[in-house]
Amino acid sequence: MKSTKYQVFLSSTYSDLADERENIIKAILEMYHIPIGMEMFSAEDEDQWEIIRRTIEVSDYYILVLGLRYGSKTSDGISFTQKEYEYALEKKIPILAFVMNDTVSLSKDKRDDDLSDINKFRELVLTNSKMAQFWETKDQLIKSVSISLMKQIMQKPGVGWIRGDSANADEALSKELSALSKENRALRERVVELESKISLKAPAIEIDIKQPVIDDNFFSYKKEVIPNALDIKDVDAHLLEYISKDDIEKYNNAIPSQGEVDEYNRECEKVFKIKNYSIPLVIEVFNSGTTKAKNVYIDIEFSEGLSIYENEEEHSEPKSPIPFNPLVRAQSDYREQNSALSRLHSQLGIGSTFAQLSKINPAFNAKLLRPINQKWWAKLDGQKITVKIESLLHTRRMIFDDEYMIAPLKSGKHTIDIRVICEEYEEIETKCIEFEV
């Protein structure tokens, strides 16, 4: 058959995916293209890396199949499979990645006891490869590989290979183009046929987040200022026996810098806004699609102008850098010595002062917290929350409002970046929520 043949590099661990590899190679050959992979090399021999590297460079497409084994490692500390993948990524070879669903039941010889390495690799692939797809069964994998490869060939044809005896002859080239056109039509018909066998139903995940609001008191925090230094000459005569030059010198030496006061004010203002303007972080997830979504992962990243924290986390004001004024103590001692009423109040405890209590948001009441739904989990990492939902039926919604709080730290425009992936999505879906505070 006279047509362009494309070289397809197949990369995966071997022993656990031998049957899948054999069927993928067969499918590529049935499409009249050239499969190549570790069967042609000694994959665990680093001396062969130079040959593998050159083979990847001249390949038109790169197929990565991931199971639940990471594979043997190179001297770089990564597996040979990951090394091949990163090199294909570096050389901008079109990559088709197929990642096994982590819920598939496998025997011990087909999965690692410690999944930390393979999970990091899976996350890298899902982040960098927009065409990554999940798979569970061998038949599903072979069908997905065939459809994806045919689509890629039609949309982004590679350089490929043609017979040397026809490359330079006009008549032969004309026949070759005719054959390619015929094959292209056949491939399109095959794609239509395969797609018709796949359900067109798909989930559509939508996310809504309740936004915090502020009022006129949002900017009412009164900042501390650097106090003036004291001088013994400025002390009233009647207070001189209650204060010494040493007291004044210690006080003056302890006066903080402008930078220390500014940092203290920033932290105090942050605590003030968190205590007075925090609300429960309400995340609503709705499936408006036509089928159930499985293994949904949602990354929600908040801009720096918002504070996100666990609802039981306490926020206390930092210790003030401003030392206690010895003149105030001297005045207190003077009144103590000269006012019987002051002594009486002191004995009865009437003179005690009470710290001003900040307004406490009722959302902190632990009795209002609902138990965690065991079919999902959420994890906070800095400004990012990751939500995992086992499954979400179409037309159904889930509301999460019992784990985290949100508070605005500044007014103006805020953004929330959202990334959604589930088994039914072919690529990561991104969204952005913008609002004004």
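As a starting point, this report considers the structure included with it.

Cut-offs used in this document
Residues numbered from 1 in each chain as written. Predicted model: local features only at pLDDT ≥ 70, side-chain atom pairs only at ≥ 80, totals over all residues. Heavy atoms only, no water. Helix = DSSP H or I, 4+ residues; strand = E, 2+ residues; numbered from the N terminus. Buried < 20%, exposed > 50% of the residue type's maximum accessible area, 1.4 Å probe, protein only. Contact = heavy atoms within 4.5 Å. Areas by Shrake-Rupley, 256 points an atom, 1.4 Å probe, with all protein chains shown as cover. Pairing = 2+ DSSP bridges. Axes fitted to C-alpha atoms, helices over the stretch in contact; angles between N-to-C directions.

### Examining the overall build of the protein chain
Right, on to step 1. Summing up its helical and strand segments, the protein chain has 11 helices and 16 strands in all.
Right, on to step 2. The buried share of the protein chain, reckoned over its 437 residues, is 40%.
Right, on to step 3. By sequence separation, contacts in the protein chain at least 24 residues apart represent 82% of the contacts at least 6 residues apart.
Right, on to step 4. Accessible area for the protein chain stands at about 25700 Å²; split by element, carbon and sulfur atoms hold 49% of it.

### Quick notes on the sheet that holds strand 2 (residues 34-37)
Right, on to step 1. The sheet built from five strands is open, its strands ordered 2-1-3-4-5 with parallel pairing. Across the chains shown, the open sheet's two edge strands, defined by having one partner strand only, are strand 2 and strand 5 (133-135). Across the sheet, the axes of successive neighbouring strands diverge by a mean angle of 25 degrees, strand direction being ignored.
Right, on to step 2. Alignment of strand 3 (residues 61-66) against strand 4 (residues 95-100), held across five bridges, turns out to be parallel. In the strand pairing of strand 4, Val65 is matched with Phe98.
Right, on to step 3. Packed onto the sheet, helix 5 (residues 138-155) meets strand 1 (7-11), strand 3, strand 4 and strand 5 and runs at close to 165 degrees relative to strand 4.

### With respect to the sheet that holds strand 9 (residues 293-302)
Right, on to step 1. What the five strands build is an open sheet, ordered 11-12-9-15-16; its pairing is antiparallel. Whereas interior strands pair on both sides, the edge strands pair on one side only; in this sheet they are strand 11 (376-381) and strand 16 (429-436). The sheet shows a mean angle of 15 degrees between the axes of neighbouring strands, taken without regard to direction.
Right, on to step 2. Bridge count for strand 11 against strand 12 (residues 384-392) is six bridges, and the pairing is antiparallel. From the neighbouring strand, Ala378 faces strand 12, where its bridge partner is Val387.

### Observations concerning the pairing of strand 15 (residues 413-421)
Strand residues, when the strand is regular, have side chains that alternate between the two faces of the sheet.
Right, on to step 1. Summarising the sheet, strand 9 and strand 15 pair through six bridges and their orientation is antiparallel. Looking across to strand 15, one finds that Glu301 is bridged to Asp417.
Right, on to step 2. As paired elements, strand 15 and strand 16 share eight bridges and run antiparallel to each other. The residue of strand 16 that forms the bridge with Val420 is Glu429.

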